[in-house]
Amino acid sequence: GAVVSQHPSWVICKSGTSVKIECRSLDFQATTMFWYRQFPKQSLMLMATSNEGSKATYEQGVEKDKFLINHASLTLSTLTVTSAHPEDSSFYICSARVSPLWDTEAFFGQGTRLTVV
Amino acid sequence: KQEVTQIPAALSVPEGENLVLNCSFTDSAIYNLQWFRQDPGKGLTSLLLIQSSQREQTSGRLNASLDKSSGRSTLYIAASQPGDSATYLCAVRPMDSNYQLIWGAGTKLIIKP
């Protein structure tokens, strides 16, 4: 099956710094990628939808200036958490669709555990 | 607004037992429903995908059913093994979504040796 690689798998950063998370589709072109956030014992919540070559669409309540998403190529999307604070500590996970032409399963990255201290 | 609920939140059973995990959703206008497995601190593994026109899907010891009209899906695990211990998530794709998924909070399953 299709492979989505997410890096890093975990990161600890100081409050006020920025962190970049990468999501790569290794063996297919992903025209659309999704970024989710999961707090402990809660559901995954969609943060934004990223389409290659265009601006990301953010869900209500998600600050686009704080969570910068770039999808410059068909195989790479990045999420940058700017000026991170302890409340941003969470599990971030990306997913990618194989093609816009037909419905397929969603393939997920391994996730990134972000801890802001 | 679509909401997905999973019951129970946690389940612990002895090895070898058959078990059923439940997922319910409030809006029957879905494109498909998926069951995923999440291991602690790790990403998601897709287990089964059921299209809205289907009633069930099987993979090995796993069987997922879908009753769209009643807003329910079940994941049946036969002959459970300690390696099945994980959190199981169900997610629906609403008909009006841009391939977005709406998730349940998951059922944490522990299989005791």
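Residues numbered from 1 in each chain as written. Chains lettered and ligands numbered in written order. Predicted model: local features only at pLDDT ≥ 70, side-chain atom pairs only at ≥ 80, totals over all residues. Heavy atoms only, no water.

Engineer: Honestly, the overall build of chain B in this entry has me stumped. Any pointers?
Structural biologist: Per the secondary structure count, chain B includes zero helices and eleven strands. Traced from its N-terminal end to its C-terminal end, chain B shows the element sequence β-β-β-β-β-β-β-β-β-β-β. Taken over C-alpha atoms, the radius of gyration comes to 13 Å for chain B, in line with the 13 Å a tight globule of 113 residues would show. Its C-alpha atoms give chain B principal-axis dimensions of about 45 × 30 × 20 Å. In chain B, which comprises 113 residues, the share counted as buried stands at 43%. (Helix = DSSP H or I, 4+ residues; strand = E, 2+ residues; numbered from the N terminus. Rg over C-alpha atoms; globule rule 2.2 N^0.38 Å. Buried < 20%, exposed > 50% of the residue type's maximum accessible area, 1.4 Å probe, protein only.)

Engineer: Sorry, what's going on with the interface of chain B and chain A here?
Structural biologist: Accessible area lost on assembly of the parts is the figure often given for the size of an interface. Each side of the interface is counted separately: chain B has 21 residues, and chain A has 21 residues. Linking chain B with chain A are zero salt bridges. At the boundary of chain B and chain A, one finds four residue pairs in polar contact (both at pLDDT 80 or more). Of the residues forming the side of chain B that touches chain A, the biggest block, five residues, is contributed by strand β4 (residues 30-38) of chain B. For the side of chain B that touches chain A, the class distribution of residues is nine nonpolar, ten polar and two charged. (Contact = heavy atoms within 4.5 Å. Salt bridge = Lys/Arg side-chain N within 4 Å of Asp/Glu carboxyl O. Polar contact = N/O pair within 3.5 Å; in protein donor to acceptor, adjacent residues only side chain to side chain. Nonpolar A, V, L, I, M, F, W, Y, C, P; charged D, E, K, R; others polar.)

Engineer: Looking at this structure, I do not really get the nonpolar core. What am I missing?
Structural biologist: The nonpolar side chains of soluble globular proteins are, as a tendency, buried together. Counting 24 residues, the largest nonpolar core has Trp35, Phe67, Leu79, Tyr92 and Leu114 of chain A as the members making the most contacts within it. Phe25, Ile50, Leu66 and Leu109 of chain B belong to the second-largest nonpolar core, a separate cluster that totals 22 residues. (Core = buried A, V, L, I, M, F, W, Y, C linked by side-chain atoms within 4.5 Å.)

Engineer: Explain the state of the cysteines to me, please; I cannot follow it from the model alone.
Structural biologist: Every disulfide links exactly two cysteines, by a covalent bond between their sulfur atoms. Summed over all chains, the structure comprises two disulfides over all chains. Note on cysteine connectivity: Cys23 of chain A is disulfide-linked to Cys94 of chain A, with sulfurs 1.9 Å apart. Measuring the twist about the S-S bond at about 80°, one finds the Cys23 of chain A-Cys94 of chain A disulfide to be right-handed. Linking Cys23 of chain A in strand β3 (residues 19-25) with Cys94 of chain A in strand β9 (residues 90-97), this pair joins segments that are 71 residues apart in sequence. Both residues of the pair, Cys23 of chain A and Cys94 of chain A, count as buried. One disulfide in the model links Cys23 of chain B with Cys90 of chain B; its S-S distance is 1.9 Å. The chirality of the disulfide connecting Cys23 of chain B with Cys90 of chain B is right-handed, given an S-S dihedral of about 70°. With a gap of 67 residues between them, Cys23 of chain B in strand β3 (residues 19-25) and Cys90 of chain B in strand β9 (residues 86-94) connect regions that are remote in the sequence. (Disulfide = S-S within 2.5 Å.)

Engineer: Help me understand the packing of aromatic side chains, please; the structure alone is not making it clear to me.
Structural biologist: How two aromatic rings sit relative to each other is given by the distance of their centres and the angle of their planes. All chains considered together, the criterion is met by seven aromatic pairs over all chains. The interplanar angle of 50° and the centroid separation of 6.3 Å between the aromatic rings of Phe28 of chain A and Phe107 of chain A together place this pair among those described as tilted. Of this pair, Phe28 of chain A sits in the loop between β3 and β4 (32-38) while Phe107 of chain A sits in strand β10 (residues 107-108), and the two are 79 residues apart along the sequence. The exposure class of Phe28 of chain A is buried, given its relative accessible area of 10%. Plain terms: the ring middles of Tyr36 of chain A and Trp103 of chain B are 5.8 Å apart, the flat faces sit at 85° to each other, and that makes the pair edge-to-face. Of this pair, Tyr36 of chain A sits in strand β4 while Trp103 of chain B sits in strand β10 (residues 102-103), each in a different chain. (Phe/Tyr/Trp six-rings, centres within 6.5 Å; stacked < 30°, edge-to-face > 60°.)

Engineer: Could you clarify how one ought to interpret the environment of Lys66 of chain A in this entry?
Structural biologist: Residue and element names in this part refer to chain A. Here Lys66 shows up in the loop between β6 (57-58) and β7 (67-73). Among the residues examined, Lys66 registers a relative accessible area of 11% and is labelled buried. Beyond its immediate sequence surroundings of up to four residues, Lys66 is in contact with Thr80, Val81, Thr82, Ser83, Ala84, His85 and Asp88.

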